[in-house]
Amino acid sequence: MSALGEAVVDLDAIASNVLTIASVSGTELMAVVKADGFGHGAVQVARAALRAGAGWLGVTSASEALALRSAGITAPTLSWLHRPDDDFDQLIAAGVDVGVSTTTHLHAVADAAHRLGVPATVQLKADTGLSRNGAAGDDWPELVGWARKYEVEGGVRVRGVWSHLTDADVPGSPRLPRQVAVFEEALRVARSAGLDPDLVHLANSAAALTAPRTRFDLCRIGLALYGVDPFGGTRSGQVGLRAAMTLRTTVVNVKRVPAGTAVSYGPGYVTGAPTTLALLPLGYADGLTRAAEGRAEVWLGGRRRPIVGRIAMDQCVVDAGDLPVAIGDPVVVFGPDQGDHPPPTVAEWARWAGTNPHEILTGVGARVARDHLHERAATS
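Residues numbered from 1 in each chain as written. Predicted model: local features only at pLDDT ≥ 70, side-chain atom pairs only at ≥ 80, totals over all residues. Heavy atoms only, no water.

Engineer: Whenever I open this one, the sheet that holds strand β4 (residues 77-79) confuses me. Can you help?
Structural biologist: Backbone hydrogen bonds are what pair the strands of a sheet, in a parallel or an antiparallel way. Spatially, β2-β3-β4-β5-β6-β7-β8-β9 is the arrangement adopted by the eight strands of the closed barrel, whose pairing is parallel. Each strand axis lies, on average, 30° off the axis of its neighbour in the sheet, ignoring direction. Of the strand pairs in this sheet, strand β6 (residues 120-125) and strand β7 (residues 156-162) are connected by six bridges, and their pairing is parallel. Bridged to Gln123 within β7 is Gly160. Across the sheet, helix α4 (residues 62-70) lies against β3 (56-59) and β4, angled at about 160° from β4, the strand it touches most. Sheet contacts for helix α8 (residues 175-192): β7 and β8 (199-203); angle to β8, the most-contacted strand, approximately 165°. (Pairing = 2+ DSSP bridges. Helix = DSSP H or I, 4+ residues; strand = E, 2+ residues; numbered from the N terminus. Axes fitted to C-alpha atoms, helices over the stretch in contact; angles between N-to-C directions. Contact = heavy atoms within 4.5 Å.)

Rendered as structure tokens:
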């Protein structure tokens, strides 16, 4: 381990998760690799997912889409969040599908296509209840009407109609069937306007696994792609997924201290008995959020031991008790659930921090080195 901390990414786990989800959903899959592949490495994850059979890649921004193209990845890609003054020329020239939610954006995309003399491929997003992006109400008929006009003129091709679910990860939620009904009506309106999309998609990871009515032609998989239970469980193996990331480091200092020793900033933690303190060279700049203070644990010496005192920007302290700890000993912050004494999972870290696993994974900082296992197989 050359860096102070390392995120080991198992690309075989990524591939396995694609196969697992595909076997359940029975649809084509879009591997969502936004935010640098949820912190795992977008290019490496994309290649592994495509190798396993994913047909599409999904990103949020133009820069993310173009980075995939620059890496030589030519697979169908949807980029869905843009400013109306973004450089759509580059996306169109790169063959990236543009997610469109407003007529303002659609006009900008059509103008770029006109300048290039090349039709733009778009996917229209309907707001079915999330109240974020997407067209709702009277805006939707206007959007599909303009899209059809541009399509007839040859400037735009409408490949897809899609939306995003609010709480498919909540079993029995009454909002799910309501959203499906709203989406089906939006699809009817689009088709009545003369559109005939090749791709209709609504399902996210949770819906891909448990909600057949939402699957349509394609399922977009984000969290489950990385082996984390989208239903908030702490054991991803319960749904047949394999966690892909292990965040690890080593002990860089050890000291035996008496009872009554204050640890880290402030008066918040004082040892209650003689104990061994182990210093780790990871802090909140590396993804160990301060919101987890007082609850977070790591795996050290074959056991879970608590992080004590305040987590600093670059380091934190573990109470190792009477374990025989030495400088250089390995530490796992989170990783796959395995063995009789497993390390914490990313879902547990999310629970300790009062957030979701997405935030924990994407919060692993850039100075934490990434080590991609099985990368050669993913590129062959």
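Next, the rest of the story.
Engineer: Teacher, can you tell me more about the packing of helix α7 (residues 139-153) against α8 here?
Structural biologist: Packed helices, taken two at a time, are described by their axes: the angle between them and the distance between them. Put simply, α7 and α8 touch, their axes get as near as 9 Å, and they point 35° apart. Between α7 and α8 lies a crossing whose hand is right-handed. Contacts from Trp140, Pro141 and Val144 in α7 reach Ala186, Val189 and Ala190 in α8. When grouped by side-chain class, the residues that make up the contact of α7 with α8 number six nonpolar, no polar and no charged. (Left-handed = near helix turned anticlockwise from the far one by under 90°. Nonpolar A, V, L, I, M, F, W, Y, C, P; charged D, E, K, R; others polar.)

Engineer: What am I meant to see in the domain arrangement of the chain here?
Structural biologist: With domains assigned, the chain is organised as domain 1 (11-226) and domain 2 (245-373). Between the C-alpha centres of domain 1 and domain 2 the distance comes to 37 Å. Between domain 1 and domain 2, the contact holds eight residues from the first and eight residues from the second. For the pair domain 1 and domain 2, the summed buried area comes to about 800 Å², and 66% of that belongs to carbon and sulfur atoms. Summed over the three residues of domain 1 that lose the most area to domain 2, namely Phe38, His40 and Leu223, the buried surface amounts to 55% of that side. Taken together, the connections running from domain 1 to domain 2 amount to zero salt bridges. Viewed at the interface, domain 2 and domain 1 are joined by three residue pairs in polar contact (both at pLDDT 80 or more). Its residues assigned to classes, the side of domain 1 that touches domain 2 comprises four nonpolar, four polar and no charged. (Domains from an automatic or database assignment. Buried area = accessible area lost by both parts, 1.4 Å probe. Salt bridge = Lys/Arg side-chain N within 4 Å of Asp/Glu carboxyl O. Polar contact = N/O pair within 3.5 Å; in protein donor to acceptor, adjacent residues only side chain to side chain.)

Engineer: Which parts of the structure should I look at to understand helix α10 (residues 346-353)?
Structural biologist: Each full turn of the α-helix corresponds to 3.6 residues, which orients residues three or four apart in the same direction. In terms of burial, α10 is largely enclosed, as seven of its eight residues are buried. Taken residue by residue, α10 has Val346, Ala347, Glu348, Trp349, Ala350, Trp352 and Ala353 as its buried positions. Phi turns positive one or two residues past the end of α10, at Gly354, with a value near 65°. (Buried < 20%, exposed > 50% of the residue type's maximum accessible area, 1.4 Å probe, protein only.)

Engineer: What exactly am I supposed to notice about the packing of aromatic side chains here?
Structural biologist: By convention here, two paired aromatic rings are described through the distance between centres and the angle between planes. According to the stated counting rule, one finds five aromatic pairs in the structure shown. Summarising the aromatic geometry, the rings of Phe183 and Phe216 are spaced 5.2 Å apart at their centres and angled 75° between planes, so their arrangement reads as edge-to-face. Residue Phe183 is found in helix α8, and its partner Phe216 is found in the loop between α9 (205-210) and β9 (218-221); the two are separated by 33 residues along the sequence. The class of Phe183 is buried, set by a relative accessible area of 0%. Consider the rings of Trp349 and Trp352, whose centres lie 5.7 Å apart with planes at 70°: the pair is edge-to-face. Taken together, the positions of Trp349 and Trp352, both in helix α10 and three residues apart, correspond to about one turn of that helix. The pair Trp349 / Trp352 is uniform in exposure class, with both members buried. (Phe/Tyr/Trp six-rings, centres within 6.5 Å; stacked < 30°, edge-to-face > 60°.)

Engineer: What's the story with the nonpolar core in this structure? I'm lost.
Structural biologist: Across soluble globular proteins, nonpolar side chains show a tendency to be buried alongside one another. If you look at the biggest cluster of nonpolar residues, it comprises 117 residues, and the most contacted ones within it are Leu124, Trp140, Phe334 and Trp349. Both of domain 1 (11-226) and domain 2 (245-373) provide at least three residues apiece to this core. When sequence neighbours within four positions are dropped, the list of residues in contact with Leu124 reads Val100, Trp140, Leu143, Val144, Ala147, Val158, Gly160, Val161, Trp162 and Leu195. Ranked by size, the runner-up nonpolar core spans five residues in total, among them Val263, Leu277, Val308 and Val317. (Core = buried A, V, L, I, M, F, W, Y, C linked by side-chain atoms within 4.5 Å.)

Engineer: I'm lost on the UniProt feature "active site" (unreviewed entry) in the chain in this one. Help?
Structural biologist: Under the UniProt annotation, the feature "active site" (unreviewed entry) is placed at Lys34 and Tyr265. In three dimensions, the annotated residues from a span of 232 residues occupy distinct locations, with a maximal C-alpha spread of 35.4 Å. Here Lys34 shows up in helix α2 (residues 34-38). Setting aside residues no more than four positions away along its own chain, Lys34 makes contact with Gly58, Val59, Thr60, Glu64 and Trp80. If you trace the backbone, Tyr265 turns up in the loop between β11 (253-257) and β12 (275-280). Tyr265 sits in the exposed class, given a relative accessible area of 57%. With residues near it in sequence (within four places) discarded, Tyr265 still touches Arg310 and Ala312. (UniProt positions renumbered as here; feature names shortened; annotations may be inferred.)

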